Amino acid sequence: FLETAAYFCMKPKMGEKEVSPHSFFSIWHEFSSDFKDLWKKENKLILQERVKEAEEVCRQKKGKSLYNIRPKHDSGIVSKNCSPP
């Protein structure tokens, strides 16, 4: 623990000889909770951007039909036999 506190350049508070775990982890808890909140917000923004991109691609694909519909012609056998008098 003391090596970790020294790595992060933590200094003991006034009147203390060493860095206490309580002071170290209270700061760490604040940092990690802020980081988690920012991480969630950033992921939410990224997700919204991806949804917008996917909707745009979907709109573009709907605009372009993948097949052509041709009108039906009355040239078959049934139309020749069933013609009105």
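Note that the coordinates shown come from a computational prediction; the quantities given were computed from them, not determined experimentally.

## A look at the overall build of the protein
The number of helices and strands found in the protein is 3 helices and 0 strands. Start at the N end of the protein and walk to the C end: the helices and strands fall as α-α-α. Relative to its full complement of 85 residues, the protein shows a buried share of 5%. Summing over all exposed atoms, the protein offers an accessible surface of approximately 8900 Å²; the carbon and sulfur share of this is 60%.

## Focus: a nonpolar patch on the surface
Taken together, the side chains of Phe 1, Leu 2, Tyr 7, Phe 8, Phe 25, Trp 28, Phe 31, Phe 35 and Trp 39 make up a nonpolar region of the molecular surface, amounting to roughly 1000 Å² of accessible area. Mapped onto the fold, Phe 25 is located in helix H2 (residues 21–63). Residue classification places Phe 25 among the partly exposed residues on the basis of a relative accessible area of 45%.

## Structural notes on the side chain of Ser 23
With respect to the helices, strands and loops of the structure, Ser 23 is situated in helix H2. Every residue in contact with Ser 23, bar those within four places of it in the chain, is listed here: Met 10 and Lys 13.

## Quick look at the pattern of salt bridges
Under the defined criterion, the tally for this structure stands at 2 salt bridges. Residues Glu 55 and Arg 59 are paired through a salt bridge, measuring 3.9 Å at the closest nitrogen-oxygen approach. With Glu 55 and Arg 59 both in helix H2, this residue pair falls 4 residues apart, about one helical turn. Glu 55 gets classed as partly exposed once you look at its relative accessible area, which sits at 40%.

## Focus on the confidence of the model for the protein
When pLDDT is averaged along the protein, the result is 82; 76% of the residues meet or exceed 70. Per-element confidence in the protein is highest for H2, whose mean pLDDT is 91, and lowest for helix H3 (residues 77–81), whose mean pLDDT is 60.

What counts and what doesn't
- Residues numbered from 1 in each chain as written.
- Predicted model: local features only at pLDDT ≥ 70, side-chain atom pairs only at ≥ 80, totals over all residues.
- Heavy atoms only, no water.
- Helix = DSSP H or I, 4+ residues; strand = E, 2+ residues; numbered from the N terminus.
- Buried < 20%, exposed > 50% of the residue type's maximum accessible area, 1.4 Å probe, protein only.
- Areas by Shrake-Rupley, 256 points an atom, 1.4 Å probe, with all protein chains shown as cover.
- Patch = residues over 30% accessible without salt bridge, like charges linked within 9 Å, V, L, I, M, F, W, Y side chains within 5 Å.
- Salt bridge = Lys/Arg side-chain N within 4 Å of Asp/Glu carboxyl O.
- Contact = heavy atoms within 4.5 Å.
- pLDDT = per-residue confidence, 0-100.

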